[in-house]
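Understanding the architecture of this molecule
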Amino acid sequence: MTDFTWLIGGEAGFGIMTTGVVFSKIATRSGYHIFDYVEYPSLIRGGHNAYEVHVSDFDVSHLSPTIDVLVCLNKETYEKHKIRLTPKSLVIFDEDEFEIKENCKKIIIPFKKILTDLKGQPVMKNTIALGASIGILGGDIDELIKMISEQFAKKGEAVINFNKQFVQAGYAEVKKSYSGLILNYLIKKSEGDKLVITGNDAFSLGSVIADCRVYSAYPMTPSSTVLTTLAAWQEKIGMVVRHAEDEISVINTAIGSSFAGVRSAVGTSGGGFALMVESVSFSGITEIPLVIFLAQRPGPATGMPTWTEQGDLLFTVFSGHGEFPKIVLAPGDNEEMIELTAKAFNLADIYQLPVIVMSDMYLSESHKSVSKKFVDNFINSYKVNRGKLINQIINNKSPSFAKATEGKQKYLRYKITEDGISPRLIPGTPGYYYQENSYEHLEDGHTTEEAESRIKQVDKRAKKWLTYLKKDFSMPKVYGDISKSEIVFVSWGSTKGVVLQAQKLLLEKGTATAFIHFNHLYPLDKEKVTDLLNQDKKYVLVENNSWGQFGKLLTMETGIEIKESILRYDGRPITVKEIVSGVR
Amino acid sequence: MNVSTIQDFSGYDPTWCPGCGDWGIGVAIKQALIQLGLNPSSVAAVFGIGCSGNMNDFLNVYAIHSLHGRALPNAIGIKLANHKLPVIAIVGDGDCYGEGGNHLIHACRGNHDITVITHDNRVYGLTTGQVAPTGQKGFKSKSTPSGVIEIPINPLSLSITSGATFVAQSFAGDVLHTASMIKAGIKHKGFSLINILQPCVTFNKVNTYQYYQQRVYKLDENYKKNNLKTAVEKSLETNEEKFPLGVIYQVEKPSYTDQISQLKKETLVNKKRFVDFEKITKLFI
């Protein structure tokens, strides 16, 4: 059975990230599932980078407490991570660079000597390490060479061949001196294709599937790779990506393009979202659809830019001045990210309001393998639903206005309806005109301060929430059987994977548990949620923040207080071990 | 072809103070739209917040009554989605040069094909008369009782040096000329700004109709509008309380959407959905 963790570490700026993705892809191409995680400081050069990959026969989305193969490109890697080694762990390092006094299984690879002999650059140490890693894990060297060839395809045969030598040198060294230690963890097996994607990639993919045509953003870790990924794809997929001057411009650009008829989204982290909040409210009253991707990192203010936290939940749920409906979703893993991103665009169009998709650094930047079949099936089943958008062909060369308006009733943008949703018209449609208005307005969009009209519009907007709860809200998924469990975990978003794994371990030790995982965060169906939470069980809240913010939200909505909680707020993701030991 | 009428474009009755410069600007905008052969369905407008923005209720077109300062990014967004639709932004000086100042600079840089029509009355009218960023140094207002310390912003030189490709100035007291400037601005391909000197009869007792009538002058026919340096020099005359009227700067350059290859064939709103997902998914295997 294969279930191991490989970790490579070295100085920032020397290709650790690229090497990690190559390793993950070799594992998935060999038929395994992966989940990976990167640790890096908010620096371009000089800090410590670590990239770990959890490889398994089964679908995984959690990290292991122990490391099976540790690749040290410098001494710091060993010092920082040795605490996670077991007597069985293998350590790949160069004895010319540092010594290891502790007792462990040493795989000595002469990185320095190989680089000198083959006249390589320091970054090629990674390539040697990959060769050695594939060798010691019993993997297929040809698969690695194929990846290297793809990676350098644009640079030509000479560059490919030059790099190949380093792969082969690392691989040969293991075969020559350590054949007795080779693990058969990466033996090639055939499984369907898998995509190696991050949460940010999953959002990007979901937005393309949903026919998003404008993406606007300002770089902010950990959301930036959505901007760079979609920017790289834009010509191919016909999207327009605008890197605007600030987040205020970002969200208002998207509101403009959405008004003009195209699906539009923005992406940011907490600080950038704080700047956008004025226009979250603007989208709320004008009823202009908008999808907002929010990848959280630890705050307040600049906080810890490259680390993880779920600290913006209450800020997000209550973002925007005034009372208006919005929808907040928080996918638990990459599959849910693809599904809920695409759903977010439908919800934004159907209910004509802002929909916020919440992620965090852990989900946004970790790769998880997703079966290609799952993605293909989802693409085939997904239907673009633009709600009450009146779909008329736009013809800018319209006949005379008088002729075009003949026999037509005045269009009412904010018409009072049973479900709270008014028909929306694409600007440019001949014979009509209307205004979206940030002021309170009459049904025709004109400004009003009159009491009765105000009440009508407030009630109309509020009705959209009721319609949503009836038609499109999804109750949390329950994993395990609440009636047969003493302990019931409650969590939301990216903590899903670790809780599921903790459940498995607890069951092995004889404790059956249940787990209620929320990904439709707000609004909530109070009655139904109350029924899940008011049973005579030990409920345990699991969150990556210090306040237990989701617990507070549940109390506000249901009156139920979850007394026990496992919270982590040091910038690191919650681990399986913490959850298991937290309830035992 | 049947042309549109003032009636087609006229919404609710304006609520501006009698004698306000906005009346003239309102008429000038409608005249310009009619002369360009546009109708309420074939143009989009974004209004800022202020007395100028209140025109949203008085002008029938596809419109957003935006937030204070945010009209320009909304206008840019509309243009990205439908670059064939003429887009105008109707804003005030506090709105566009104060709250939204950063957006102005970057809209100029991008040469976004939108027309910004600024009502420059040098005060905040709707909040009852605080000084605006274009107020003269020393101007006494409710928020600056001892006189404003800052020097005024110069919207003309600021936009010219930021990359605007059409910058004009007019006076609200001259409706015909204002209409001709707005028309030229909308016709111009690329970013256009028309700064309209507008007396606020209620809160600005210094920059009155009389004040401007004594200090404005029209650029003569020989003025070369395509020279950046002379245009900047012309703009700086404002600092000496001389106000040139006319097109101060105009050059032809590709607009933002002209330079986006995915918009070459058709508008974003009209194009077909992308469905060749294999092209994307294969990148991750």
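Just so it is clear, the structure is predicted and the values come from calculations on it, not from any experiment.

Cut-off values and rules
- Just so you know, the residues in each chain are numbered from 1, in the order the chain's sequence is written.
- Chain letters start at A and ligand numbers start at 1, both assigned in the order the entries are written.
- Reporting of local features is limited, given that this is a predicted model, to residues whose pLDDT is at least 70; pairs of side-chain atoms are given and counted only at 80 or more, and all residues count toward the totals for whole chains, interfaces and linings.
- Side-chain measures here rest on the full set of heavy atoms in the structure, leaving out hydrogens and waters.
- Angles here are taken between N-to-C directions and fall from 0 to 180 degrees, while the axes themselves are lines fitted to C-alpha atoms, restricted in helices to the stretch in contact.
- Helical segments are the DSSP runs of H or I of at least four residues, strand segments are the runs of E of at least two, and each set is numbered from the N terminus.
- Left-handed is the label given to a crossing in which the near helix is rotated counterclockwise from the far helix by less than a right angle, and right-handed is the label when the rotation is clockwise.
- The contact rule is simple, with two residues in contact once any of their heavy atoms fall within 4.5 Å.
- Contacts described as polar in this section are N or O atom pairs within 3.5 Å, which, within protein, must combine one atom able to donate a hydrogen with one able to accept it, while residues neighboring in sequence count only if both atoms come from side chains.
- One bridge is not enough; two strands pair if DSSP finds at least two bridges between them.
- Multiplying 1.5 Å by the helix residue count minus one yields the expected span of that helix.
- Using a 1.4 Å probe on the protein chains alone, a residue whose accessible area is under 20% of its type maximum counts as buried, one over 50% counts as exposed, and one in between counts as partly exposed.
- The aromatic pairing rule takes the rings of Phe, Tyr and Trp, using the six-membered ring of Trp, and pairs them if the centres are within 6.5 Å, calling planes under 30 degrees apart stacked, those over 60 edge-to-face and the rest tilted.
- Throughout this description, the term charge over a ring refers to an Arg CZ or Lys NZ atom that lies within 6 Å of the ring centre and within 35 degrees of the ring normal.

Considerations on the packing of helix 7 (residues 199–209) of chain A against helix 12 (residues 334–351) of chain A
Residue and element names in this part refer to chain A. One way to put it is that helix 7 packs onto helix 12 with a least axis distance of 8 Å and a crossing angle of 35°. In the crossing of helix 7 with helix 12, the sense of the turn from one axis to the other is right-handed. From helix 7, Gly199, Ala202, Phe203, Leu205, Gly206, Ser207 and Ile209 reach across to helix 12, where they touch Asn334, Met337, Ile338, Thr341, Ala342 and Phe345.

Observations regarding the side chain of Gln352 of chain A
Residues and elements named next belong to chain A. Structurally, Gln352 can be placed in the loop between helix 12 and strand 13 (354–360). Only 2.8 Å separates the side chain of Gln352 from the backbone oxygen of Ser422, close enough to count as a polar contact. With sequence-adjacent residues up to four places away left out, Gln352 is seen in contact with Glu287, Ile288, Pro289, Leu347, Lys388, Arg413, Ile421, Ser422, Arg424 and Lys464.

Points about the sheet that holds strand 9 (residues 240–243) of chain A
Residues and elements named next belong to chain A. Strands sit in the order 9-8-10-11-13-12-21 across an open sheet of seven strands; the sheet is mixed. Two strands close off the open sheet at either side, each with one partner strand: strand 9 and strand 21 (520–522). Mean inter-strand twist for the sheet, computed between neighbouring axes without regard to direction, equals 25°. In the sheet, strand 12 (residues 327–329) pairs with strand 13 via three bridges, with the strands oriented parallel. Across the sheet, the residue bridging to Val328 is Ile356, located in strand 13. Its contacts with the sheet put helix 7 on strand 8 (214–217), strand 10 (264–268), strand 11 (290–296) and strand 13, and the angle it makes with strand 11 is roughly 175°. Helix 8 (residues 224–237) rests against strand 8, strand 9 and strand 11 of the sheet, and its axis sits at about 135° to strand 9.

Focus on helix 12 of chain A
Residues and elements named next belong to chain A. For helix 12, built from 18 residues, the straight-helix expectation of 26 Å at 1.5 Å per residue is met to within 8% by its first-to-last C-alpha distance of 25 Å. Across the 18 residues that make up helix 12, a large majority, 17, are buried. For helix 12, the N-terminal capping position is held by Asp333, with its side-chain oxygen 3.3 Å away from the main-chain nitrogen of Glu335.

Regarding the packing of aromatic side chains
Residue and element names in this part refer to chain A. Counted according to the given criterion, the structure contains 30 aromatic pairs over all chains. Measuring from centroid to centroid gives 5.8 Å for Tyr351 and Tyr468, while their planes differ by 85°, and the two rings are edge-to-face. Here the residue Tyr351 occupies a position in helix 12, and Tyr468 occupies one in helix 16 (residues 451–471), the gap between them amounting to 117 residues. This pair shows no difference in class: Tyr351 is buried, exactly as Tyr468 is. On the basis of an interplanar angle of 40° and a centroid distance of 5.7 Å, the ring pair of Phe378 and Tyr382 is categorised as tilted. The same class applies to Phe378 as to Tyr382, namely buried. The ring of Trp307 carries the charged tip of Arg572 above its face, separated from the ring centre by 3.8 Å.

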